[in-house]
Amino acid sequence: MATFSRSPTANAFSFVLIGGTGDLAMRKILPALYAAHRDGTLGEGGRIIPVAQTALDQDGYIQWVNEHVKPLVAMVASGVDDDAWLSFLGRITYVALDASRADDFAVLRDVPGMLRSQRIFYLATGPSLFVPICEGLAAAGLTEHARVVLEKPLGHDLASSQAINDAVGAIFTEDQIYRIDHYLGKEAVQNMFALRFGNVLFEPLWRREWVESIQITVAEELGVERRGDFYDKTGALRDMVQNHLLQLLSIVAMEPPHSMDADAVRDEKLRVLRALKPLREEDIRQNVVRGQYRAGVGGGAPVPGYAEEPGVSHDSVTETFVALKVEIENWRWSGVPFFLRTGKRLAGRVAEIVVNFRPVPHSALGAMPLRAGSNRLTIRLQPNESVRLNVLGKVPGMGMDLRGVYLDLAFDRFFLRDRMEAYQRLLLDVIAGRLALFVRRDEQEAAWKWVAPILEDWNRSPTAPKPYAAGTWGPAAASALLAREGTCWLEEES
Ligand code: BG6
């Protein structure tokens, strides 16, 4: 079978969305493509080819998009522009095929423009289908010069992710593979590069001599929603820590890259992941807290406990919360604790990175307030992106009464432009062939390797996770973890 070999023309792409009627397509991918279309960043020659096994035809699919995607798009800040929506629908060509049958993929060759355009295959399916899909695409002669996007979870542990990477890697080269971690597309994560590497102010202080500890929190108010079945087999460690939190950690802790080229950035992140101090059994017992929510309050109303959620087993020991102390064994960070925490049904939705600097070595100003929210940099990813620098200031008047005050960089006050959603940025990057914000195989496997002892320990001794009431900040043990080191989570500061 002849395969595509011409260079694709700029702008002309075929975005094949496999899993075209799934939850991810509906909630994230199609809205992000629409937003890019409306903003004029999508490139005029691009086609969107959703693929699913359902017996829909083109009209039926468009109706599904109108019913399911349009209301979601309408909910986001700038709503739906009717003309833009119609022209967006005009880009869509629906194809029904069974992704588990390699022979079915040949039909994609007949889609107008497919063989002459830059092909992008977005695998918005469960990971068990990744390999059959790639094999089907290869058998149809569609993989040359194409790009493939793999959604998380990419495997369940190191071995399964290696197996997927080996099989996909036998068909696509590494620079054709875009492993998505949507946290890397968040504006504030991008801004961390600007903050750290575009200013001389922070970098000299960004090390063990001046930093006492770092906290990374990704807290969610929502529970497992309709994903109980998936989540019960996954848990917070796999769902959030192995990917999003370790990626954030690697960006906070990395050395300045020599350029923003994909491999320059990814090499530095990899060095951090490889320098994570391995956890022995006693470290896990001491430094890793797992929790599970019980009934409580969510969004102002009573909510059930995790084990009562649909799809979750009643005696489940799956964790919905993890807090852990991590250390990085290198010259810059040796001895500095990084406290990571994530959980569902917590007291609020917030994602932030808190850098606590050391206290001054000697106070010439008399008694210093003990903590008083000073000497701290907080980078907030969500809900409102901001960077806040807490310092000590003097209360006006006689004497030297010191109080914590802050310099506040709230991005929506400086930049009036709409923020770009993480998925929109990342999809535009795939279309343009920019790999810097995608996870390379070695990074992903280094992260799996580091979490493996925790997974093994929990498997060996499936003690129940510590309970916490929905609507709180997690089990008391998570506070004790920091108290042992003489510190506390940000919201616990008085
Ligand atoms: C996903 C997880 O990767 O990230 C979800 O699978 C989680 O469980 C989500 O809710 C959180 O993303 P965000 O962007 O809403 O913080």
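Scroll up to find the structure.
Caption draft 1: Quick peek at the environment of Pro256. As for its placement among the helices and strands, Pro256 is situated in the loop between helix H7 (228-253) and helix H8 (262-275). If near-sequence neighbours (up to four positions away) are discounted, Pro256 is found in contact with Phe197, Glu203, Glu268 and Arg332.

Caption draft 2: Here's a closer look at the site of the ligand. Near the ligand the following residues occur: Lys152, His182, Tyr183, Lys186, Glu220, Arg227, Asp239, Met240, His244, Lys344, Arg349 and Gln382. Measuring from an oxygen atom of the ligand, one finds a side-chain N or O atom of His182 at 2.8 Å. In the model, an oxygen atom of the ligand is placed 2.6 Å from a nitrogen or oxygen of the Lys186 side chain. Relative to its unbound accessible surface of 400 Å², the ligand loses 82% to contact with the protein. When residues in the shell around the ligand are grouped by element, the largest group, 3 residues, is from H7. In terms of residue class, the shell around the ligand is made up of 2 nonpolar, 3 polar and 7 charged.

Caption draft 3: Looking closely at the pairing of strand E11 (residues 321-326). Burial analysis of E11 places 6 of its 6 residues in the buried class, which makes it a mostly covered element. Every second residue of E11 is oriented toward a common face, with Phe321, Ala323 and Lys325 on one face and Val322, Leu324 and Val326 on the other, all of them buried. Relative to E11, strand E8 (residues 288-294) runs antiparallel, the two being bridged by 4 bridges. Residue pairing in the sheet places Val289 in a bridge with Ala323 of E11. The sheet contact formed by E11 and strand E12 (residues 338-343) spans 6 bridges and is antiparallel. Counterpart to Val326 in the pairing with E12 is Phe338.

Caption draft 4: Summary view of the sheet that holds strand E1 (residues 13-18). Across the sheet, 6 strands lie side by side as E3-E2-E1-E4-E5-E6; this open sheet has parallel pairing. Edge positions in the sheet fall to strand E3 (95-96) and strand E6 (177-179), since each has one partner strand and no second. Inspection of the sheet shows strand E4 (residues 118-123) paired to strand E5 (residues 147-150) by 4 bridges, in the parallel sense. The residue of E5 that forms the bridge with Ile120 is Arg147.

Caption draft 5: Seen up close, empty space enclosed by the protein. Scanning the entire structure with this criterion turns up 1 cavity of 30 Å³ or more. Empty space within the largest cavity amounts to approximately 180 Å³. Along the walls of the largest cavity sit 18 residues, with Asp181, Gln242, Asn243, Val439 and Gln444 positioned nearest its centre. Here the lining of the largest cavity is composed, by residue class, of 9 nonpolar, 4 polar and 5 charged.

Caption draft 6: Seen up close, helix H5 (residues 158-169). In this model H5 runs 16 Å from its N-terminal to its C-terminal C-alpha over 12 residues, within 8% of the 16 Å that 1.5 Å per residue would give. Of all the positions in H5, only Ser161, Ile164, Asn165 and Val168 are classed as buried. An end-on view of H5 places all buried positions within 95° of arc, on one side of the element. Buried residues along H5 sit in contact with helix H4 (130-139), E5, E6 and helix H12 (441-460).

Caption draft 7: Expanded view of unusual backbone geometry. That bond from Lys152 to Pro153 is cis: its omega, 0°, falls within 30 degrees of zero. Looking at the secondary structure, you find Pro153 in the loop between E5 and H5. Here the amide bond leading from Gln382 into Pro383 is cis, since omega sits at 10°, within 30 degrees of zero. Counting through the fold element by element, Pro383 comes out in the loop between strand E14 (376-382) and strand E15 (386-394). Positive phi, normally seen in glycine, also occurs at His145, with a value near 60°. Relative to the elements of secondary structure, His145 occurs in the loop between H4 and E5. Look at Glu225: it is not a glycine, yet its phi comes out positive at around 55°. Along the chain, the position of Glu225 falls in the loop between strand E7 (211-219) and H7.

Caption draft 8: Local environment of the environment of Ala410. Looking at the element boundaries, Ala410 is found in strand E16 (residues 402-410). Given a relative accessible area of 12%, Ala410 falls into the buried group. Considering only alpha carbons, one finds Ala410 and Gly474, 64 residues apart in sequence, at a separation of 28 Å. Leave out the neighbours within four places in its chain, and Ala410 touches Glu385 and Ser386.

Thresholds applied
- Residues numbered from 1 in each chain as written.
- Predicted model: local features only at pLDDT ≥ 70, side-chain atom pairs only at ≥ 80, totals over all residues.
- Heavy atoms only, no water.
- Helix = DSSP H or I, 4+ residues; strand = E, 2+ residues; numbered from the N terminus.
- Contact = heavy atoms within 4.5 Å.
- Near = heavy atom within 4 Å.
- Polar contact = N/O pair within 3.5 Å; in protein donor to acceptor, adjacent residues only side chain to side chain.
- Areas by Shrake-Rupley, 256 points an atom, 1.4 Å probe, with all protein chains shown as cover.
- Nonpolar A, V, L, I, M, F, W, Y, C, P; charged D, E, K, R; others polar.
- Buried < 20%, exposed > 50% of the residue type's maximum accessible area, 1.4 Å probe, protein only.
- Pairing = 2+ DSSP bridges.
- 1 Å grid on protein atoms, 1.4 Å probe; cavity = no way out; pocket = protein on both sides within 12 Å on 5 of 7 lines; lining within 4 Å.
- Points joined across faces, edges and corners; volume = space filled by probe spheres on them.
- Expected span 1.5 Å × (residues − 1).
- Arc of directions from axis to C-beta.

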